[in-house]
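Analysis of the macromolecular model
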Amino acid sequence: MSRDFDENMVQLVSEIAANYRRNSIFSLYASSKLASKVEIIEILQELRQLVFPGFFESKKLSSDTIEYYIGDLLISIEEKLHRQIKCALLYKNSIDNESEASCLEEKTNNICLTFLKLLPKIQEYINTDLKAAYDGDPSAGDIEQIIFSYPGIFAVSIYRIAHELYKLSVPCIPRIMTEYAHSETGIDINAGAQIGKYFFIDHGTGVVIGETSIIGENVKIYQGVTLGALSTRGGQSLQGVKRHPTIEDNVTIYSGASILGGDTIIGKNSVIGGNAFITKSVPEDTRVSIKNPELKFRNSNSNSKPKELEQEFIFDWII
Amino acid sequence: MSRDFDENMVQLVSEIAANYRRNSIFSLYASSKLASKVEIIEILQELRQLVFPGFFESKKLSSDTIEYYIGDLLISIEEKLHRQIKCALLYKNSIDNESEASCLEEKTNNICLTFLKLLPKIQEYINTDLKAAYDGDPSAGDIEQIIFSYPGIFAVSIYRIAHELYKLSVPCIPRIMTEYAHSETGIDINAGAQIGKYFFIDHGTGVVIGETSIIGENVKIYQGVTLGALSTRGGQSLQGVKRHPTIEDNVTIYSGASILGGDTIIGKNSVIGGNAFITKSVPEDTRVSIKNPELKFRNSNSNSKPKELEQEFIFDWII
Amino acid sequence: MSRDFDENMVQLVSEIAANYRRNSIFSLYASSKLASKVEIIEILQELRQLVFPGFFESKKLSSDTIEYYIGDLLISIEEKLHRQIKCALLYKNSIDNESEASCLEEKTNNICLTFLKLLPKIQEYINTDLKAAYDGDPSAGDIEQIIFSYPGIFAVSIYRIAHELYKLSVPCIPRIMTEYAHSETGIDINAGAQIGKYFFIDHGTGVVIGETSIIGENVKIYQGVTLGALSTRGGQSLQGVKRHPTIEDNVTIYSGASILGGDTIIGKNSVIGGNAFITKSVPEDTRVSIKNPELKFRNSNSNSKPKELEQEFIFDWII
């Protein structure tokens, strides 16, 4: 280390410490209240082992002892989840006064237990998503491949877990979970969204599903689809307001389409073509396509001006 | 752990076990037949060390001993790959009867050996991709930077490895490999696609290249490009059908363009402008641009109505 | 291992070694000059611990001992950074002759020290980004959630670190840093871009910000936005030329918009609507929206021809 570094060290340390003090969020470092992102990801990995037995561990499983496998995982999950939920509740000041504080342990227990009891239901939902992926993708050779490698299944599985914690009003943890999935897959599903069974996201990179979206059963969406808000100009004042669309049963939304606004409803059985930009409701049984922007073709070997050929765009081609 | 948890434990375990039994895919847990995603990623990392010596390990390499380095890596790769391919073949029931079963070892050996012998060719192809990246990107300071950090090189390298295993009809593993690259880069190249030398993907997030795409030499594509199918309504019945386009030599495709359909051919030396949506073939030497959607400009300080200015869109600007 | 493998081994090893020799980039394996991507990522993780104390470590922090925490981190960061910068300078031949070579240690010291002294400023900038994220996103429950999980904050924090090293002409390392962020978030910010305070990227997947972009204060951008070049046909000859746009203060750019070209300036307080494609400057205080491509609606239960309904597109809806 250079001498200059030593000489400048004291000054630097005190400047950084002063920055901590100036920002209330970092003046809390004395507490050990913060949730641990690492442990939350461990919880997700153990839940994945629970939901997809045999796929993500090196242990040999056997039908005779499968109950021990499940029990072991549940105990480990409960221990970690309990610790993280307690951190999150404490930190978020969901515990406001002394009498409530004494209930913190009980509250944490209740949330944990309620969540764990939902696991069989979460598992069933994820199994419907698997089926939808297999039925919807000609390149899926088998279901194992989907479990091992499909980003849509990864992101939706984590969303289904996070969503139950979100409904139990657990702070912070659901978002950490879904952003972990976002980082791994490029699929950004807010834990607050409501999504029915048999949901399939193909390819998925760039998908954004906003907090107050409502999605029915048997919906299929492709890469780059946004279910978004028309405006977030209101910032924090919009918390809780329905800002994102409703997608009814059996709807397919092709890549790059944006559907925006809390009052926008896509009626059941409808199909939204690629790159459509929709800010109004669409009735049931409707196929929506964009009148494709005209293309200009120019031969790069001649000096001819661009020829504007209307590219006919028959909707049937793209669904 | 709370008492409630204990009391509810037995019930929960049996519900989850019942879910396993209901779904045939999870009733297989007694077997140890499944491929290991962790080991498949290790294989990729060792292959990367082989292809880019000195870049992804802490060992000092020397020209005197480089053969040992290569040999060590090959032995390790072969051992892991052999184990994984055997798992995948067994699981997928590519081995149908007893006499075939006795050939499993031989079949695995043959695939492994054939693949390893292809490594020098794979390496040469990847070197052409490196050259294309360097020639095509003004912000690439040097080739080292490209090897260390370009997502396009990462994804294409893994694709080139996975593609050879795909051609050898190895189940499951090629997709695990390309989805690993997808997760790391946002670039989704199906292992079945055929891609020529000197291929460069710039930025890359959101790129999707479908299973039956055919891409010539010296092709350059940008972020958000889809080479997709017009319809996947047929689901599993479409397996094997050419559903994705053909891109001939020396074509450039700018960001956000979609080229769809198994009969769509982009002729050599053509340039496809950003956001174009193409479902029909384009002849050789053609520059295709979209007639840009009109923009509306409104001064937010006045009450004037939106002024519709046609934004002139000279194609030369964007290539 | 099969006998065939053994027999083919020698041949294979020599082919791969020959490939190394043919490509000058890999003939360098004898040297230990290469930077270590692993250690560069460790540096980023320690810098993150420094900037967000208490969020990304398991240690309990206390206000009494916070100076030790800072000091420890700085020593560790300096040691690693010094090693990596020296590697990068050596490798890149920034040291051209003997007298310069004797200065390598001093040059490395100077860069390290200059960078470390910038840390309080970097920290302040990142705090403004945090504030912008909180103010701009209704679904952000609290600032902790943003620090833990928002991809925009992750990518911009790493950009701010990499940018200072870029300005100090450190080779290779800045790009490794920003591509690490790209891999984790789908947000691709070139270390060369200049970005003012209070910068917020929401969702972020698919964002590309080119090397010579200039962005003012209080700018907000959404997923899929490209600040790009009109042409990179010139390849390496364009190095250093301003190829990417300038975005002035208080501009918002909605999802999927592309703004291209080094002479393109988006004037302050302007708002660019979703999917706009802009290659010319936009004055101050302007709202730009695309005249939405017409949508075709067809009832899939009838044989009616597509009805072309003009979807009214009032700009106010989308800002």
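Chain A has the name Serine acetyltransferase in an unreviewed UniProt entry, where Clostridium pasteurianum BC1 is given as its organism.

Before going further, it helps to spend a moment on helix H5 (residues 104-117) of chain B. Taking 1.5 Å of rise per residue, the 14 residues of H5(B) would be expected to cover 20 Å, and the 20 Å separating its terminal C-alpha atoms lies within 8% of that figure. Those residues of H5(B) that sit buried are Leu104(B), Thr108(B), Asn109(B), Ile111(B), Cys112(B), Leu113(B), Phe115(B) and Leu116(B).

What follows deals with the interface of chain B and chain A. Counting from both sides, the interface comprises 66 residues of chain B and, opposite them, 74 residues of chain A. Inspection of the chain B/chain A interface yields zero salt bridges. Run the count over chain B and chain A and you get twelve residue pairs in polar contact (both at pLDDT 80 or more). Elements supplying a minimum of two residues to the side of chain B that touches chain A: helix H1 (3-22), helix H9 (173-185), strand E13 (277-278) and strand E14 (286-290) of chain B. The element best represented in the side of chain B that touches chain A is H1(B), accounting for 13 residues. Classifying every residue of the side of chain B that touches chain A by side-chain character gives 27 nonpolar, 21 polar and 18 charged. Pairing of strand E15 (residues 295-299) of chain A with E14(B) involves five bridges; the strand directions are antiparallel. What sits directly across from Lys296(A), in E14(B), is Ser289(B).

The next point concerns the relation of the copies chain B and chain A. A rotation about some axis, followed by a shift along it, carries one copy of the chain onto the other. Superposing chain B onto chain A takes a rotation of 120° combined with a translation of 0.0 Å along the rotation axis, leaving an RMSD of 0.0 Å. These values place the two chain copies in the arrangement generated by a three-fold rotation axis. Little of the interface of chain B is mirrored in chain A: 6% of its interface residues are interface residues there too.

In this section: the interface of chain C and chain B. Facing 66 residues of chain C, the contacting portion of chain B comprises 74 residues. Our enumeration of links across chain C and chain B arrives at zero salt bridges. Where chain C meets chain B, there are twelve residue pairs in polar contact (both at pLDDT 80 or more). Those elements that place two or more of their residues in the side of chain C that touches chain B are helix H1 (3-22), helix H9 (173-185), strand E13 (277-278) and strand E14 (286-290) of chain C. Sorting elements by how many residues they give to the side of chain C that touches chain B places H1(C) first, with 13 residues. Residues of the side of chain C that touches chain B, tallied by class, amount to 27 nonpolar, 21 polar and 18 charged.

Residues and elements named next belong to chain B. With parallel pairing, the four strands of this open sheet are ordered in space as E2-E5-E8-E11. For this open sheet the edge positions go to strand E2 (194-195) and strand E11 (265-266), each flanked by a neighbour on one side alone. The pairing of E2 with strand E5 (residues 214-215) spans two bridges and is parallel. If you follow Ile195 over to E5, its bridge partner there is Ile215.

What follows concerns the packing of aromatic side chains. Following the criterion strictly, the structure yields 18 aromatic pairs over all chains and no others. Ring geometry for Phe56(A) versus Phe148(A): centroids 6.0 Å apart, planes at 80°, classification edge-to-face. Residue Phe56(A) is found in the loop between helix H2 (37-51) and helix H3 (66-91), and its partner Phe148(A) is found in helix H7 (residues 143-149); the two are separated by 92 residues along the sequence. A residue is classified by how much of its surface remains accessible, and Phe56(A), at 14% relative accessible area, is buried. Members of the aromatic cluster, connected to one another through ring pairs, are Phe52(A), Phe55(A), Phe56(A) and Phe148(A). In this structure, Lys121(C) packs its charged tip against the face of Tyr125(C), placed 5.4 Å from the ring centre.

The next thing to look at is the packing of helix H8 (residues 151-167) of chain C against H9(C). Residues and elements named next belong to chain C. One way to put it is that H8 packs onto H9 with a least axis distance of 8 Å and a crossing angle of 175°. Of the possible angle classes, the one that applies to H8 and H9 is roughly antiparallel. Here Pro151, Phe154, Ala155, Ile158, Tyr159, Ile161, Ala162, Leu165 and Tyr166 of H8 lie close against H9, whose contacting residues are Ile173, Pro174, Met177, Thr178, Tyr180, Ala181, Glu184 and Thr185. In terms of residue class, the contact of H8 with H9 is made up of 14 nonpolar, two polar and one charged.

Glancing now at the relation of the copies chain C and chain B. Under the fitted operation, chain C is carried onto chain B by 0.0 Å of movement along the axis and a turn of 120°, and the coordinates agree to an RMSD of 0.0 Å. Take the interface residues of chain C: only 6% of them recur as interface residues in chain B, which is what a contact between different surfaces looks like.

The next point concerns the pairing of E14(B). Residue and element names in this part refer to chain B. With respect to burial, E14 is a largely interior element, five of its five residues being buried. Burial along E14 is two-sided: the residues Thr286, Val288 and Ile290 and Arg287 and Ser289 are all buried. Sheet topology places strand E12 (residues 271-272) next to E14; two bridges connect them, and they run parallel. What sits directly across from Ile272, in E14, is Val288.

Conventions and cut-offs
- Residues numbered from 1 in each chain as written.
- Chains lettered and ligands numbered in written order.
- Predicted model: local features only at pLDDT ≥ 70, side-chain atom pairs only at ≥ 80, totals over all residues.
- Heavy atoms only, no water.
- Helix = DSSP H or I, 4+ residues; strand = E, 2+ residues; numbered from the N terminus.
- Expected span 1.5 Å × (residues − 1).
- Buried < 20%, exposed > 50% of the residue type's maximum accessible area, 1.4 Å probe, protein only.
- Contact = heavy atoms within 4.5 Å.
- Salt bridge = Lys/Arg side-chain N within 4 Å of Asp/Glu carboxyl O.
- Polar contact = N/O pair within 3.5 Å; in protein donor to acceptor, adjacent residues only side chain to side chain.
- Nonpolar A, V, L, I, M, F, W, Y, C, P; charged D, E, K, R; others polar.
- Pairing = 2+ DSSP bridges.
- Least-squares fit on C-alpha atoms with pLDDT ≥ 70 in both.
- Phe/Tyr/Trp six-rings, centres within 6.5 Å; stacked < 30°, edge-to-face > 60°.
- Lys NZ or Arg CZ within 6 Å of the ring centre and 35° of its normal.
- Axes fitted to C-alpha atoms, helices over the stretch in contact; angles between N-to-C directions.
- Parallel < 35°, antiparallel > 145°, perpendicular 65-115°, else oblique.

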